[in-house]
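These are the residues of each chain, in order.
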Amino acid sequence: MRHSRLSFRLDDGVAMVTGGASGIGSAIAVALAQMGSNVALVDLPSSDATATLEAIEAEGKRGEFIPADVTRSEQLEAAVDRVERSLGPLTAAVNSAGIAEAVPADEMTTEQFERLFRVNVTGVFLSCQAQARSMRRNGGGAIVNLASISGIVSHREMLQAHYNSSKAAVAHLTKSLATEWAPYGIRVNSISPGFTRTPMNERSEVASILDVAVTLNTPLGRPADPSEMAGPALFLLSPAASFCTGADLVVDGGFTAW
Ligand SMILES: NC(=O)c1ccc[n+]([C@@H]2O[C@H](COP(=O)([O-])OP(=O)(O)OC[C@H]3O[C@@H](n4cnc5c(N)ncnc54)[C@H](O)[C@@H]3O)[C@@H](O)[C@H]2O)c1
């Protein structure tokens, strides 16, 4: 039996990270640069990607901010074209753009439900579609989508039926795309983070439970730092995960084990 060389690196890769200006997306984008990739950050025009771009460049890699809304397919297609022209063929993608809010289900408006699904589910689908078209032309690639433990369990303290169900949809969308695109050499996986200290969780409904409920209900006894999502995501993007597709990697400090 021949033993191949184990590699977690992505040298000379080109990565696109939606939601890359903030939180988990930003942490993964910097880790992609540490592992050898140039990185395009795709985020809303109103976002500030300066700190993330500086951190990418400090790793000796090229970074580029591309303003786009993930609910708009033509903006995503244009973003992928721009990545290819300025950084090279796309080899890896991370879809971290997402929104959250808490609203009791019996008070939720159709607009609130649909807006959240438009960003969290349609946005991930359209991002994967634009990325996969490019990867297919270039012989393959790897995609990681951000699902959540909220797609696995419903939190006692937080009323967010639309968010929870959107994240279950992301995990199953990921499996569906993985099976369709395996013949093109494209692997599609998701990670399901537990509570992580990011701007998304500065909302009062989360901030108030982070230090007590989350800490008590997490075997590791604390919420995650965004950087702790980078290793699991980078593993799934790397050659070391060459036989992983359609998987959901739970990264929650044991929260769903209790
Ligand atoms: N923070 C957590 O505890 C946690 C837990 C599980 C899953 N997640 C998921 O991880 C992902 C990242 O979350 P985060 O905590 O880093 O949040 P964050 O708010 O810090 O970052 C989200 C980013 O998405 C961008 N974004 C929002 N709508 C967009 C749109 N229409 N088009 C383009 N970009 C858009 C925002 O501008 C922001 O930069 C989300 O999908 C979230 O649901 C977060």
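See the structure printed just above.
First things first, this report covers the structure right here in the doc. Just so we're clear, the structure is a prediction, and the values are computed from it rather than from any experiment.

What counts, and where the lines are drawn
Residues numbered from 1 in each chain as written. Predicted model: local features only at pLDDT ≥ 70, side-chain atom pairs only at ≥ 80, totals over all residues. Helix = DSSP H or I, 4+ residues; strand = E, 2+ residues; numbered from the N terminus. Rg over C-alpha atoms; globule rule 2.2 N^0.38 Å. Buried ≥ 20, exposed ≤ 12 C-beta atoms within 10 Å, placed from the backbone. Pairing = 2+ DSSP bridges. Core = buried A, V, L, I, M, F, W, Y, C linked by C-beta atoms within 7 Å. Contact = placed C-beta atoms within 7 Å. Axes fitted to C-alpha atoms, helices over the stretch in contact; angles between N-to-C directions. Parallel < 35°, antiparallel > 145°, perpendicular 65-115°, else oblique. Left-handed = near helix turned anticlockwise from the far one by under 90°. Nonpolar A, V, L, I, M, F, W, Y, C, P; charged D, E, K, R; others polar.

Section: the overall build of the chain
When helices and strands are tallied, the chain shows seven helices and seven strands. From first element to last, N terminus to C terminus, the chain shows the α and β order β-α-β-α-β-α-β-α-β-α-β-α-α-β. Relative to the 2.2 N^0.38 estimate, which gives 18 Å for 258 residues, the radius of gyration of the chain is 18 Å and therefore close to what a compact globule would have. Counting every position in the chain, which comprises 258 residues, the buried fraction comes to 46%.

Comments concerning the pairing of strand E6 (residues 186-193)
The two faces of a sheet get side chains in turn, since along a regular strand they alternate between them. Of all the eight residues making up E6, eight are buried; the element is thus mostly covered by neighbouring parts of the structure. Side chains Ile 186, Val 188, Ser 190 and Ser 192 project from E6 onto one buried face, and the interleaved Arg 187, Asn 189, Ile 191 and Pro 193 project onto a second face that is buried too. Judged from the four bridges that link them, E6 and strand E7 (residues 248-251) form a sheet pairing that is parallel. By the bridge assignment, Pro 193 is partnered in E7 with Val 251.

What about the nonpolar core?
Counting residues in hydrophobic clusters, the biggest one holds 64 residues, and the most contacted among them are Ile 28, Leu 32, Leu 41 and Ala 233. In terms of residue count, the dominant contributor to this core is helix H1 (residues 23-34) (eight residues). Apart from residues lying up to four places away in sequence, Ala 233 is in contact with Ile 28, Val 94, Val 144 and Ile 191.

Comments concerning the sheet that holds strand E3 (residues 63-67)
What the seven strands build is an open sheet, ordered E3-E2-E1-E4-E5-E6-E7; its pairing is parallel. Of all strands in the sheet, those bounded by a partner on one side alone are E3 and E7. Taking the axes of each pair of neighbouring strands and ignoring which way they run, one obtains an average angle of 20 degrees across the sheet. Lying on the sheet, H1 is in contact with strand E1 (14-18), strand E2 (38-43), strand E4 (92-95), strand E5 (141-146) and E6; it crosses E1 at an angle near 170 degrees.

Some thoughts on the environment of Ala 213
Secondary-structure assignment places Ala 213 in helix H6 (residues 204-216). Exposure remark for Ala 213: the 16 C-beta atoms within 10 Å place this residue in the partly exposed category.

Some words on the packing of helix H4 (residues 110-137) against helix H5 (residues 161-181)
Two elements in contact, H4 and H5, have axes separated by 10 Å at closest approach and are oriented at 20 degrees. Considering the angle they form, H4 stands roughly parallel to H5. In the packing of H4 onto H5, the handedness of the crossing is right-handed. Contacts from Gln 112, Phe 113, Leu 116, Phe 117, Asn 120, Val 121, Val 124, Phe 125, Cys 128 and Ala 132 in H4 reach His 162, Tyr 163, Ser 166, Ala 169, Val 170, Leu 173, Leu 177 and Trp 181 in H5. Residues that form the contact of H4 with H5 fall into these classes: 14 nonpolar, four polar and no charged.

It is worth stressing that arrangement in space is one thing and function is another; only the former is reported here.
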